Every structure is written in structure tokens, then in C-alpha cells.
Amino acid sequence: MTRRKSIHIGEFKHANPIPNACRIGNLLMSGVILGRDPATGAMPERIEDQCANMFAHMKTIVEAGGGTTDDIIKMTVWLQDRKQRAPVNTEWLKMFPDEHSRPARHALQMDMENGALVQCDFTAMID
């Protein structure tokens, strides 16, 4: 058995031959997570919809890796426009309502392609 385990979640795939995440021991690290619609693969026009999909994908990925959202320790978010953090914060508060138990988070601005307005990655420590 290999030490490293690739994590794949159904139809939500990267265009390149890479997994959604990788786990070694109790460390799980995701690749980039976009806000594509999980049923159609289309990129929604609204950032609110992209954020909802992105957080849902993050939850699915961590669970596929054997953990829960409580295991997420760090999240990095890239925004087309950093001023549009409100939709990220809305989903953040839904997923992490306890102000005493939230992961670290960093937001950066970045030019994105193909209609993407937001993307993220995360690190989780799974017992």
C-alpha cells in the first residue's frame, strides 16, 4: 500500500490529471477548488453561487478524505475582486459558526479565467 492517497470526488475533477486532494497520514491538502456547479460543471455567473458550490465541494473533499469540516485548519481564498468577501463570509459562517473553532483563513486577489470569481484550497488534520 502506498503512503500517499489521492482523493477524488465523483464528477468534480480537475482538467489535468491531478486529484482533488491528497492525504499522507493525518495531513490532507486539497488542490484548487472552484465554484463550478456539481451537476453541470458550468461556472455560475454570480459569486454567491460560486461560493456556495466551493464550500460544498470543500466539505465533500474533506469527507472523502476521512475527515469533517472540523478538521480543516487553514483555508486560502483567491478572489477576482477582494472587495467581494461578503459572499465568502456568508458561507464561512454557515460552515464555521463557532467563533472559537474556525480555521485560519487568508484572502488574496488574483486574475482568474473562465468566469471564476473565487477559488480556494485548504489543509486539514484528520485524527
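What counts, and where the lines are drawn
Residues numbered from 1 in each chain as written. Predicted model: local features only at pLDDT ≥ 70, side-chain atom pairs only at ≥ 80, totals over all residues. Heavy atoms only, no water. Helix = DSSP H or I, 4+ residues; strand = E, 2+ residues; numbered from the N terminus. Buried < 20%, exposed > 50% of the residue type's maximum accessible area, 1.4 Å probe, protein only. Contact = heavy atoms within 4.5 Å. Areas by Shrake-Rupley, 256 points an atom, 1.4 Å probe, with all protein chains shown as cover. Polar contact = N/O pair within 3.5 Å; in protein donor to acceptor, adjacent residues only side chain to side chain. Salt bridge = Lys/Arg side-chain N within 4 Å of Asp/Glu carboxyl O. Patch = residues over 30% accessible without salt bridge, like charges linked within 9 Å, V, L, I, M, F, W, Y side chains within 5 Å. Phe/Tyr/Trp six-rings, centres within 6.5 Å; stacked < 30°, edge-to-face > 60°. Lys NZ or Arg CZ within 6 Å of the ring centre and 35° of its normal. Core = buried A, V, L, I, M, F, W, Y, C linked by side-chain atoms within 4.5 Å.

Enquirer: I keep staring at the overall build of the chain and nothing clicks. Help me out?
Expert: Counting its regular elements, the chain contains two helices and seven strands. Reading the chain from its N end, one meets helices and strands in the order β-β-β-β-α-β-α-β-β. Buried positions account for 40% of the 127 residues belonging to the chain. Look at the contacts in the chain between residues 6 or more apart in sequence, and 66% of them connect residues 24 or more apart. For the chain, the exposed area adds up to about 7600 Å²; of that, 50% sits on carbon and sulfur atoms.

Enquirer: Help me understand the environment of Asn89, please; the structure alone is not making it clear to me.
Expert: Within the secondary structure, Asn89 sits in helix 2 (residues 86–95). Asn89 sits 42 residues away from Ile47 along the chain, and the two C-alpha atoms are 12 Å apart. A distance of 2.7 Å separates polar atoms of two side chains, one belonging to Asn89 and the other to Arg105.

Enquirer: Mind showing me how you'd approach the pattern of salt bridges here?
Expert: Between side chains of opposite charge, a pair can form as their charged atoms come close. With the rule as written, the count across this model stands at four salt bridges. A salt bridge links Glu48 to Arg46; the nearest nitrogen and oxygen atoms lie 3.7 Å apart. For Arg46, a relative accessible area of 46% corresponds to the partly exposed category. Where Arg46 meets Asp49, a salt bridge forms, and the shortest distance between an N and an O atom there is 3.1 Å. What makes Asp49 partly exposed here is its relative accessible area of 31%. Members of the salt-bridge network, linked through shared partners, are Arg46, Glu48 and Asp49.

Enquirer: Help me understand a nonpolar patch on the surface in this model?
Expert: A grouping of Leu27, Met29, Ile73 and Met125 is seen on the molecular surface, where their side chains present a nonpolar patch of about 340 Å² in accessible area. In this fold, Met29 is placed in strand 3 (residues 27–30). On the accessibility criterion, Met29 (45% relative accessible area) is partly exposed.

Enquirer: Explanation requested: the environment of Lys59 in the structure shown.
Expert: Summarising the element assignment, Lys59 is placed in helix 1 (residues 47–64). What makes Lys59 partly exposed here is its relative accessible area of 37%. Taking the C-alpha atoms as reference points, Lys59 and Thr69, separated by 10 residues in sequence, lie 6.1 Å from one another. Non-local contacts of Lys59, meaning those with residues more than four positions away in its chain, are made with Thr69 and Met95.

Enquirer: Mind showing me how you'd approach the packing of aromatic side chains here?
Expert: Each aromatic ring pair is summarised here by two numbers: the centre-to-centre distance and the angle between the ring planes. For the structure on display, the rule yields one aromatic pair. Directly above the aromatic system of Trp92 lies the positively charged group of Arg105, at a separation of 4.8 Å from the ring centroid.

Enquirer: I tried to follow the nonpolar core on my own but got confused; where do I start?
Expert: One broad trend across soluble globular proteins is that nonpolar side chains are buried collectively. If you look at the biggest cluster of nonpolar residues, it comprises 26 residues, and the most contacted ones within it are Leu28, Phe55, Met58, Met75, Val118 and Phe122. Put simply, the parts of the chain that give this core at least two residues each are helix 1, strand 5 (72–79), helix 2 and strand 7 (118–125). In terms of residue count, helix 1 provides more of this core than any other element does, seven residues in total. The contact partners of Phe122, leaving out residues within four places of it in the chain, are Leu28, Met29, Ser30, Ile33, Met58, Ile61, Val62, Ile72, Lys74 and Met75.

Any functional reading would require information that these geometric values do not contain.
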